[in-house]
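Spelled out, the chains give:
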Amino acid sequence: MSLLDTLPEQSDDELRAQAIAALREVGLPNKKTEAWRFTSVKAIVERALPPAPTSLTPPHAEVVRFVGGHPVLPTTAHPGLTLSRVAQPTGFEVGEAFAALNTALFSDALVVQAKGVAERPLFVDHEAGAETAAYARLRVVLEANAELVLVERYRGRSALSDSVVEVVLGENAKLVHLRTHEDEGALVGTVSVRQARHSRYVSHALSFFGAPTRLDLRVRLEGEGAECSLDGIALVEGQTHSDHHVRVDHVAPRTTSHMRHRAVVSDRATSVFDGQAHVLPGAAGCEAHQHSRNLLLSEQATVHTKPHLEIHVDEVVASHGATVGALDADALFYLRARGISKRDAQTLLTYAFLQELVDAIAHPALRTAMRDALLSQLPGGELVRSLEDEALDFVEDHASEEEGA
Amino acid sequence: MLSIQNLHVEVGGKPILKGLTLELNAGEVHAIMGPNGAGKSTLSYVLAGRDGYEVTDGSITFLGRDLLAMDVSERAAAGVFLGFQYPVAIPGVSNLHFVRAALNAQRKARGEAELSAAELMKLAREKGKLVELPADLMKRAVNDGFSGGEKKRNEIFQMAMFEPTLAVLDETDSGLDIDALRVVAAGVNALRSPERAMLVITHYQRLLDHIVPDYVHVLVDGRIVESGDKSLALRLEDEGYEKIRANVGAAS
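The rules behind these values
Residues numbered from 1 in each chain as written. Chains lettered and ligands numbered in written order. Predicted model: local features only at pLDDT ≥ 70, side-chain atom pairs only at ≥ 80, totals over all residues. Heavy atoms only, no water. Helix = DSSP H or I, 4+ residues; strand = E, 2+ residues; numbered from the N terminus. Rg over C-alpha atoms; globule rule 2.2 N^0.38 Å. Buried < 20%, exposed > 50% of the residue type's maximum accessible area, 1.4 Å probe, protein only. Contact = heavy atoms within 4.5 Å. Areas by Shrake-Rupley, 256 points an atom, 1.4 Å probe, with all protein chains shown as cover. Lys, Arg positive; Asp, Glu negative; His and termini not counted. Charge placed at Lys NZ, Arg CZ, Asp CG, Glu CD. Axes fitted to C-alpha atoms, helices over the stretch in contact; angles between N-to-C directions. Parallel < 35°, antiparallel > 145°, perpendicular 65-115°, else oblique. Left-handed = near helix turned anticlockwise from the far one by under 90°. Nonpolar A, V, L, I, M, F, W, Y, C, P; charged D, E, K, R; others polar. pLDDT = per-residue confidence, 0-100. Domains from an automatic or database assignment. Buried area = accessible area lost by both parts, 1.4 Å probe. Salt bridge = Lys/Arg side-chain N within 4 Å of Asp/Glu carboxyl O. Polar contact = N/O pair within 3.5 Å; in protein donor to acceptor, adjacent residues only side chain to side chain. Pairing = 2+ DSSP bridges. Core = buried A, V, L, I, M, F, W, Y, C linked by side-chain atoms within 4.5 Å.

Some points on the overall build of chain A
A tally of helices and strands in chain A yields eight helices and 20 strands. What you see for chain A is a C-alpha radius of gyration of 22 Å, in line with the 22 Å of a compact globule of 405 residues. Seen through its principal axes, chain A has C-alpha atoms that stretch 80 × 55 × 45 Å. Here chain A holds 405 residues, and the buried ones make up 55% of them. A separation threshold of at least 6 residues defines the contact pool for chain A, and within that pool the share at least 24 residues apart is 80%. As presented, chain A carries roughly 16,900 Å² of accessible surface, and 50% of it is formed by carbon and sulfur atoms. Computed over 38 positive and 56 negative side-chain charges, the inter-centroid distance for chain A is 5 Å.

Next comes the structure, spelled out in structure tokens:
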């Protein structure tokens, strides 16, 4: 049996038919597939998990719910946004591998269209089933000058969640996209972004657990001056596995990409990071940066990291680098010698390692939520939270001194 | 207060301390001087409980308790403070938050109430004055980008905040110019008290011009070979360690 056995014989829809044909020809990734070298999909692919049936799910007031991959629209309107469900994937991408499987099998997609600046973040919660596969499909289109904060949360314990998010950014549009992968089951996600002139895409992807978690994030900078900033955190423990594959294509001149990945790996867990930036012919004056830092908290933890650049023009500013290491023994001893327990000292230093990427989240409430999600996974995380929740400042003291003077 | 008896310590299988005996009483300031490689820093690390320092013989008793049986953070809570020769920078952790976390961890371990933010700020302002530590250094990440002098002032600031029973100051004078040395020494002197003992470890006599010890001990090759009052430090400065080393060699 194979997951491919769940494909329909044929489809009247052209895109779905293309996806089915491609999958029949190429198949799903296996251990010989280069892009999946370090991530085993055997356990997922060998089971013919049926797509989750639609169920009657009560809508949430504000939040879009995807239950078993089926979108349930909120009851409250979001000013500046049009949310709709569509069954026909007109204008969608076919995709490859798991994205193609999603194209062939999703039932209803959620299409988000934004005009102007959305006042509130749009939350999308994914909940998948234990014995079925969830094929969630989102298409997010921002018109020129539109702005949106999109927060996706993947939760539960899925047999398989195979999602695709397509993002199309018009001129000067800006999307901030937060994703937390908190699903303890198998999670395969594709995000495909196309950017017009001077648009900005800011991504913060956070992966916990994973059996495995795989993110394929691909950005095409198609308009001059487009920028993307792609931050990823993997915090894995036990036997879990996180894999972030990120690729940016600099198609247009004077485009900019910043990629940062931080992994904290404990026990026998594994983190994979593959970051590619391709600066294509004609894309002069581009800037591409890729940095991967990895913290190993046990002898059995594994990291595979590969930031790489492919540059076809002369005039470009680029940097890339990767580091792998353990917690600094001197710093640990220093903290402990001041009275902080070993566990808390480790947590403090681990959080300090990740903090730069948490601080990069501009929206204060979302930053706090992301921090709390991270700290809930670290032993003794309450210490860090208690430290940060109360500002320590001399402001009052200056005031009293001035009064005295 | 502190009783070190016949202490033998190995690092990576190599004997460093070879039968060190030392007694400190409350209110006393002892200086340990010695050439490089004599075991001065090893002594400070063993007192603080750093991993990798194996005690093969002897004992350390602190306030009647077996210090060697206590964990690193337990020793801090019990009142042992180590001023580091090379204070560690911890990017991402603000100095004040760090001091508060440490102080409250110590207080909690002792069964005392934790300090509120307001109480901490009041204390920090008061203690910061002792070593002229500016407010912006308190707010910055721990020792991150601090100059040598700022790091040492920060050590003494922390000591003032924690009010330890025993302060071990490891080469506090290293990396300090004369002005910074004066500030740091003044901070230390302000913290001298009848309830507190200090062990000042130094290579050079000049620190002892500012922090005048009650006793001076000379550590050579893992043992204390001579003890005296502050005049011993001056004599060492004149004669150098070579003469003492030669005497020790002749005697053994």
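So, the packing of helix α4 (residues 117–130) of chain B against helix α6 (residues 148–162) of chain B
The relative placement of two packed helices comes down to the angle between their axes together with the axis-to-axis distance. Residue and element names in this part refer to chain B. Taken N-terminus to C-terminus, the directions of α4 and α6 make an angle of 130°; their axes are 9 Å apart at the nearest point. The angle between the axes of α4 and α6 places the two elements in the oblique class. Classified by chirality, the crossing of α6 by α4 is right-handed. From α4, Leu-120, Leu-123, Ala-124, Lys-127, Gly-128 and Leu-130 reach across to α6, where they touch Phe-157, Ala-160 and Met-161. Here the residues of the contact of α4 with α6 are counted per class, giving seven nonpolar, one polar and one charged.

Structural notes on the confidence of the model for chain B
The share of residues in chain B with pLDDT of 70 or more is 98%, and the mean pLDDT across the chain is 92. Interface confidence in the predicted complex, given as ipTM, is 0.95; pTM for the same model is 0.88.

Observations regarding the domain arrangement of chain A
Often, the extent of an interface is quoted as the loss of accessible area upon association of its parts. Residues and elements named next belong to chain A. Annotation of chain A at the domain level lists domain 1 (3–330) and domain 2 (331–405). Its C-alpha centre places domain 1 at a distance of 30 Å from the equivalent point of domain 2. Each partner contributes to the roughly 2,100 Å² buried at the junction of domain 1 and domain 2, and carbon and sulfur atoms together form 74% of this total. Three residues, Ile-233, Arg-262 and Leu-327, lead the burial of domain 1 against domain 2; their summed loss comes to 24% of the area buried on that side. The interface formed by domain 1 and domain 2 holds two salt bridges in total. Between Arg-260 and Glu-356 there is a salt bridge, and its shortest N-O distance comes to 3.4 Å. Across the domain 1-domain 2 interface, the total number found is eleven residue pairs in polar contact (both at pLDDT 80 or more). Only β8 (147–155), β10 (174–181), β12 (200–208), β14 (227–236), β16 (256–265), β18 (286–296) and α4 (329–337) provide two or more residues apiece to the side of domain 1 that touches domain 2. Per-class residue counts for the side of domain 1 that touches domain 2 are 16 nonpolar, four polar and seven charged.

Section: the packing of helix α3 (residues 95–109) of chain B against α4 of chain B
Residues and elements named next belong to chain B. For the pair α3 and α4, the least separation of the axes is 11 Å and the interaxial angle reads 110°. Considered as vectors, α3 and α4 are oriented roughly perpendicular to each other. Residues Leu-96, Arg-100 and Leu-103 of α3 form the contact with α4, whose participating residues are Ala-117, Leu-120, Met-121, Leu-123 and Ala-124. Here the residues of the contact of α3 with α4 sort into seven nonpolar, no polar and one charged.

Quick notes on the interface of chain A and chain B
Contact with chain A, which involves 26 residues of that partner, is made by 39 residues of chain B. Between chain A and chain B the total buried area reaches about 2,900 Å² when both faces are included, carbon and sulfur atoms providing 66% of it. Where chain A packs against chain B, one counts four salt bridges. Across the salt bridge formed by Glu-155 of chain B and Arg-338 of chain A, the nearest N and O atoms sit 2.6 Å from each other. At the junction of chain A and chain B, the tally comes to nine residue pairs in polar contact (both at pLDDT 80 or more). Looking at the side of chain A that touches chain B, the element that brings in the most residues is α4 of chain A, giving eight residues. When its residues are assigned to classes, the side of chain A that touches chain B shows 14 nonpolar, four polar and eight charged.

Details of the environment of Arg-16 of chain A
Residues and elements named next belong to chain A. Looking at where Arg-16 falls in the secondary structure, it is placed in helix α1 (residues 14–26). Sequence-wise, Arg-16 and Gln-88 are 72 residues apart; in three dimensions their C-alpha atoms are separated by 9.2 Å. Beyond its immediate stretch of four places on either side in the chain, Arg-16 contacts Ser-11, Ala-87, Pro-89, Thr-103, Ala-104, Leu-105, Phe-106 and Ser-107. A distance of 2.9 Å separates a polar atom in the side chain of Arg-16 from the backbone oxygen of Ala-87.

Points about the sheet that holds strand β11 (residues 215–220) of chain B
Residues and elements named next belong to chain B. Sheet architecture is open: six strands sit in the order β6-β9-β10-β3-β11-β12, paired in mixed fashion. At either margin of the open sheet sits one strand with a lone partner, and together these are β6 (80–83) and β12 (223–228). Shown here is a sheet whose adjacent strand axes are inclined to one another by a mean of 20°, direction ignored. Bridge analysis of strand β9 (residues 166–170) against strand β10 (residues 197–202) gives five bridges, and the strand direction is parallel. Counted as the bridge partner of Leu-169 is Val-200 from β10.

A closer look at the pairing of strand β4 (residues 109–114) of chain A
Each regular strand shows side chains that alternate between the opposite faces of the sheet. All names here are of chain A. A large share of β4 lies buried, amounting to five of its six residues. Here strand β3 (residues 81–86) runs beside β4; their pairing, made up of six bridges, is antiparallel. Looking across to β4, one finds that Leu-83 is bridged to Val-112. The pairing of β4 with strand β7 (residues 137–142) spans five bridges and is parallel. Paired with Val-111 across the two strands is Arg-139, which belongs to β7.

A short note on the sheet that holds strand β4 (residues 53–62) of chain B
Residues and elements named next belong to chain B. The antiparallel open sheet is built from four strands, whose spatial order is β2-β1-β4-β5. Looking along the sheet, the strands with just one partner apiece sit at the ends: β2 (14–24) and β5 (65–66). Sheet topology note: the strand β1 (residues 2–11)/β4 ladder contains eight bridges and is antiparallel. When the bridges of β4 are listed, Leu-2 appears paired with Phe-62. Running over the sheet, helix α1 (residues 40–48) touches β1, β2 and β4 and is turned about 110° from β1.

Some thoughts on unusual backbone geometry
Excluding glycine, most residues fall at negative phi; most peptide bonds, likewise, are trans. Residues and elements named next belong to chain A. At the junction of Ala-211 and Pro-212, the peptide bond is cis and its omega measures out at -5° in the coordinates. The residue Pro-212 is located in the loop between β12 and β13 (213–221) in this model. Unusually for a residue other than glycine, Ala-97 sits at a positive phi of about 50°. Residue placement: Ala-97 occurs in helix α3 (residues 97–105).

Looking at the nonpolar core
In terms of nonpolar packing, the biggest core is built from 120 residues, with Leu-374 of chain A together with Ile-4, Leu-7, Leu-43 and Leu-47 of chain B touching the most fellow members. For this core, the element with the most residues is helix α5 (residues 342–359) of chain A, which contributes nine residues. Of the residues that make up this core, three or more belong to each of domain 1 (3–330) and domain 2 (331–405) of chain A. Discounting chain neighbours no more than four positions away, the residues touching Ile-4 of chain B are Leu-20, Thr-21, Leu-22, Leu-43, Leu-47, Ser-59 and Ile-60 of chain B. If you look at the next biggest cluster of nonpolar residues, it comprises 39 residues, including Leu-83, Ala-114, Val-167 and Val-191 of chain A.

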